[in-house]
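Observations on chain architecture
Each chain, letter by letter, is given below.
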Amino acid sequence: MKVIPLIKNETQLIARAIKNNRGAQQCLYDLHSGKMLSVCRMYVKDLHHAEEAMLNGFFKVFKYLADFKNEGSFEGWIRKIMIRECISFLRSEKALEFKEEGLEEFNGSFNNIESDINVDEIQQIIDSLPEGYRVVFVMYAVEGYKHLEISKMLNINIGTSKSQLFKARKMLQEKLRTQNISGYGTVKI
Amino acid sequence: MGQLKFEKDFSKKLNKRKIEPKAGRWEELSARLNSEERSKKPIFWWSGIAATLVGGILIFSLLFNEPISEIPLVVDAPSEVIFSEEIESQQISHEKPASEEVQEPEKASVKPVENIFSKKEPVTNSQLASVGKPQESSKTENNQAQKGPDLMKETKISGIPEEVIAEASPKANKTGEITDAEVDALLAEAVKKINVDRSARSVSENINANSLLLDVEMELEQSFREKVFDVLKEGYFKARTAVVNRN
């Protein structure tokens, strides 16, 4: 009952925001900015830069809002724009470099460890990863993209995407282990 | 290859997280959106300015094309008048000594010449008066031609006997009689003089002051037009680059 009016409201807000209604645009910004800054922060270490990337993303959202077809969720559409904006930001900073590697070397197993750390600690651990590892890991493990999609978005081979994920997992496991996190079983990639 | 347990935990916690942006970020974004909207509008303004520039160029070209045919008429007219006046004064100067030197018995033969000239004078004056503005010599000539072939004939004929008589009169006074040989000699001299005058006139017509003035006027006009076009061109290119930079 409560969800339907919210969706209706968002649709109305989008319709108004398309007509450059600043009030409607501000409402949409207020609704999604918190979550979108969190998304940007996963990719960009510096909060200030993450905010810049988020603002650029919102600017594009409002600029191309008429292109949104209401086919998927609005949040998902904004999220995709934010991720692309973060990738382009990292590229502009020349922070995003991938070494093309084959997957054969990275066949191995992982201890299926479980973590009980808070979100700030998670962010810290993710921040400690190299840029390439971090981006692929976040896209795969947090956003749920497939290797094919990641390879297309980052202009890399699928093998490179897999190898980056493998290395990221390895590093994270090591870090979690040092934080005395208990492990359960093993998982093969 | 599925998600690891810690990855699921990471995803769950990170997707729940919200980081509120700093205050004033919306104002920043709003200002950017406003500037984006404004930058769209000036395109119409600049296109309007460009259109007015083009219109201005067209108007200028029309304005500058018209006076070219008119200006020389106005400017050339005084020179024509002066030229005709000069001719008249020359003619009068030629005539005056003759009329002074001519004695009473010869007055009868001189009179028709004077009459003819006196007829000619009012014609030129009336032409000038009727024109009001100084006009082309061709116009005055046309008017003369329109007045009738008789007058033209008179002016042409009047030239010969006038001079002949002027030359002949002193000799006739000296001797009292003029022989046929003297008359022939005088006629030959008169013919020579007329030929010289004609050649002089033809030379003066070939090196026409009017045509020279016209040429100079045309050159001046062209250079001025070029300057104006250059200025307009510069303005147009500046406006265009400004539009491009804005975009």
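1. What to know about the overall build of chain A
If you tally the helices and strands in chain A, you get 8 helices and 2 strands. Each helix and strand of chain A, ordered N terminal to C terminal, gives the series α-α-α-α-β-α-α-α-α-β. Every one of the 189 residues in chain A was classed for burial, and the buried ones make up 49%. Residue pairs at least 24 apart in sequence account for 73% of intrachain contacts in chain A once pairs closer than 6 positions are excluded. Total accessible area on chain A is roughly 9,600 Å²; 49% of this is exposed by carbon and sulfur atoms.

2. What to know about the overall build of chain B
Counting secondary structure elements, chain B contains 8 helices and 0 strands. Secondary structure elements in chain B, listed N-terminal to C-terminal, are α-α-α-α-α-α-α-α. Contacts in chain B between residues far apart in sequence, at least 24 positions, make up 82% of those at least 6 positions apart.

3. Some points on the side chain of E143(A)
Residues and elements named next belong to chain A. In this fold, E143 is placed in the loop between α6 (131–142) and α7 (147–154). In terms of polar contacts, E143 uses its side chain to reach the side chain of R79, at 2.7 Å. Leave out the neighbours within four places in its chain, and E143 touches V39, M42, Y43, R79, I83 and V138.

4. Regarding the nonpolar core
Membership of the largest hydrophobic core comes to 65 residues, with the highest contact counts inside it found for Y43(A), F62(A), F137(A), M139(A) and L154(A). With 5 residues, the next largest nonpolar core counts L53(B), F64(B), L232(B) and A239(B) among its residues.

5. Description of the packing of α6(A) against helix α1 (residues 5–16) of chain B
Where α6(A) meets α1(B), the axes come as close as 9 Å, and the angle between the chain directions of the two elements is 90°. Classified by the interaxial angle, the pair formed by α6(A) and α1(B) is roughly perpendicular. Taking contact as the criterion, the partners of F137(A), A141(A) and V142(A) in α6(A) are, on α1(B), F6(B), E7(B), F10(B), S11(B), L14(B) and N15(B). Residues of the contact of α6(A) with α1(B), tallied by class, amount to 6 nonpolar, 2 polar and 1 charged.

6. Quick look at the packing of aromatic side chains
Taken as a whole and assessed by the stated rule, the structure comprises 11 aromatic pairs over all chains. Considering the side-chain rings of F137(A) and F10(B), the 6.3 Å spacing of their centres and the 80° angle between planes classify their relative orientation as edge-to-face. With F137(A) in helix α6 and F10(B) in helix α1, the pair connects residues from two separate chains. Accessibility classification places F137(A) together with F10(B) in one group, the buried group. Aromatic ring contacts, followed pair by pair, group Y29(A), F58(A), F62(A) and W26(B) into a single cluster. Here R32(B) stacks its cationic end above the ring of F59(A), 4.4 Å away from the centre of that ring.

7. Side note on the interface of chain A and chain B
Opposite the 47 residues of chain A that make contact, chain B presents 29 residues. For the pair chain A and chain B, the two sides together bury roughly 3,900 Å², of which 59% comes from carbon and sulfur. Where chain A meets chain B, there are 5 salt bridges. Salt-bridge contacts for E7(B) lead to R169(A); the nearest nitrogen and oxygen are separated by 2.4 Å. Taken together, the connections running from chain A to chain B amount to 16 residue pairs in polar contact (both at pLDDT 80 or more). Going through the elements one at a time, α2 (22–43), α3 (47–63), β1 (109–113), α5 (119–127), α6, α8 (158–178) and β2 (183–188) of chain A are the ones with two or more residues in the side of chain A that touches chain B.

8. So, the state of the cysteines
Scanning the model with the defined rule gives 0 disulfides over all chains in all. C86(A) provides the cysteine sulfur closest to C40(A), a residue in no disulfide bond, and the two sulfurs are 3.6 Å apart.

9. Points about the pattern of salt bridges
What the rule picks out here adds up to 14 salt bridges over all chains. Here R22(A) makes a salt bridge to E37(B), at a shortest N to O gap of 2.9 Å. One end of the pair, R22(A), is in helix α2; the other, E37(B), is in helix α2 (residues 25–40), on a second chain. By relative accessible area, R22(A) is classed as buried at 18%. Between E36(B) and K63(A) there is a salt bridge whose closest N-O contact spans 3.7 Å. Taken together, the residues E36(B) in helix α2 and K63(A) in helix α3 connect one chain to another. Overall, the relative accessible area of 38% leaves K63(A) in the partly exposed class. When salt bridges that share partners are traced, they join K35(A), E75(A), R79(A) and E143(A) into one network.

10. Focus: the confidence of the model for chain B
In low-pLDDT segments, the atomic positions of the prediction should not be examined closely. Residues and elements named next belong to chain B. For chain B, per-residue confidence averages 68 on the pLDDT scale, and residues scoring 70 or more make up 49% of the total. Confidence scores differ between elements of chain B, with helix α4 (residues 107–131) showing the lowest mean pLDDT of 45 and α1 the highest of 89. In this model residues 96–141 is a low-confidence stretch, pLDDT under 50, and it forms 41 contacts with partners more than four residues away in sequence or in other chains. Note on residues 151–158: pLDDT is under 50 here. Beyond four places in sequence and across chains, it has 6 contacts.

11. Regarding the confidence of the model for chain A
Taken as a whole, chain A shows an average pLDDT of 84; of its residues, 81% reach a score of 70 or greater. Here residues 181–189 of chain A is modelled with pLDDT under 50, and outside its nearest four sequence neighbours on either side it reaches 32 contacts, counting other chains as well.

12. Concerning the environment of G57(A)
Residues and elements named next belong to chain A. Along the polypeptide, G57 turns up in helix α3. Residues G57 and I81 lie 24 residues apart in sequence; the distance between their C-alpha atoms is 6.0 Å. What G57 contacts, discounting residues up to four positions off in sequence, is I81, M82 and E85.

13. Some words on the packing of α5(A) against α1(B)
In contact at an axis separation of 10 Å, α5(A) and α1(B) are set at 115° when each is read in the N-to-C sense. Classified by chirality, the crossing of α1(B) by α5(A) is left-handed. Along its contact with α5(A), which presents V119(A), I122(A), Q123(A) and I126(A), the element α1(B) presents D9(B), F10(B), K13(B) and L14(B). Here the contact of α5(A) with α1(B) is built from residues that sort into 5 nonpolar, 1 polar and 2 charged.

Rules of the game
- Sequence order as written defines the numbering, with residues in each chain counted from 1.
- Think of it this way: whatever chain is written first is A, whatever ligand is written first is 1, and the rest follow in order.
- Local features in a predicted model are, by the rule used here, given only for residues with pLDDT of at least 70; side-chain atom pairs are given and counted only at 80 or more, and totals for whole chains, interfaces and linings are based on all residues.
- The basis for every side-chain value is the complete set of heavy atoms in the structure, and neither hydrogens nor water enter the calculation.
- What counts as a helix is a DSSP run of H or I of at least four residues, what counts as a strand is a run of E of at least two, and both are numbered from the N terminus.
- We call a residue buried when its accessible area falls under 20% of the maximum for its residue type, exposed when it is over 50%, and partly exposed in between, using a 1.4 Å probe and counting protein chains only.
- Working rule for contacts: check all heavy atoms of both residues, and any pair within 4.5 Å makes them a contact.
- The Shrake-Rupley method, run with a 1.4 Å probe sphere, supplies the accessible areas, and residue values consider only the shown protein chains as cover.
- Identification of polar contacts relies on pairs of N or O atoms within 3.5 Å, with a donor-acceptor requirement for protein atoms, meaning one able to donate a hydrogen and the other able to accept it, and with residues adjacent in sequence counted only if both atoms are side-chain atoms.
- Here, nonpolar core refers to any group of buried Ala, Val, Leu, Ile, Met, Phe, Trp, Tyr and Cys residues whose side-chain atoms link them within 4.5 Å.
- Interaxial angles span 0 to 180 degrees and are taken between N-to-C directions of axes, which are lines fitted to C-alpha atoms, for helices over the stretch in contact.
- Here is the rule for angles: anything less than 35 degrees is roughly parallel, anything more than 145 is roughly antiparallel, 65 through 115 is roughly perpendicular, and the remaining ranges are oblique.
- Side-chain classes follow a simple rule in which Ala, Val, Leu, Ile, Met, Phe, Trp, Tyr, Cys and Pro form the nonpolar group, Asp, Glu, Lys and Arg form the charged group, and the remainder, Gly included, forms the polar group.
- For this analysis, a ring pair means two rings from Phe, Tyr or Trp (six-membered ring only for Trp) whose centres lie within 6.5 Å, classed as stacked if their planes differ by under 30 degrees, edge-to-face if by over 60, and tilted for the remaining angles.
- Geometrically, a charge over a ring is one whose NZ (Lys) or CZ (Arg) sits within 6 Å of the ring centre while staying within 35 degrees of the ring normal.
- Buried area adds together the accessible area that both of two parts lose upon being put together, with accessible area traced by a 1.4 Å probe.
- Salt bridge criterion: a side-chain nitrogen from Lys or Arg within 4 Å of a carboxyl oxygen from Asp or Glu.
- Two cysteine sulfurs form what is called a disulfide whenever their separation falls within 2.5 Å.
- Values of pLDDT, the confidence the predictor places in each residue, fall between 0 and 100.
- We call a crossing left-handed when the near helix sits turned anticlockwise from the far one by less than a right angle, and right-handed when that turn is clockwise.

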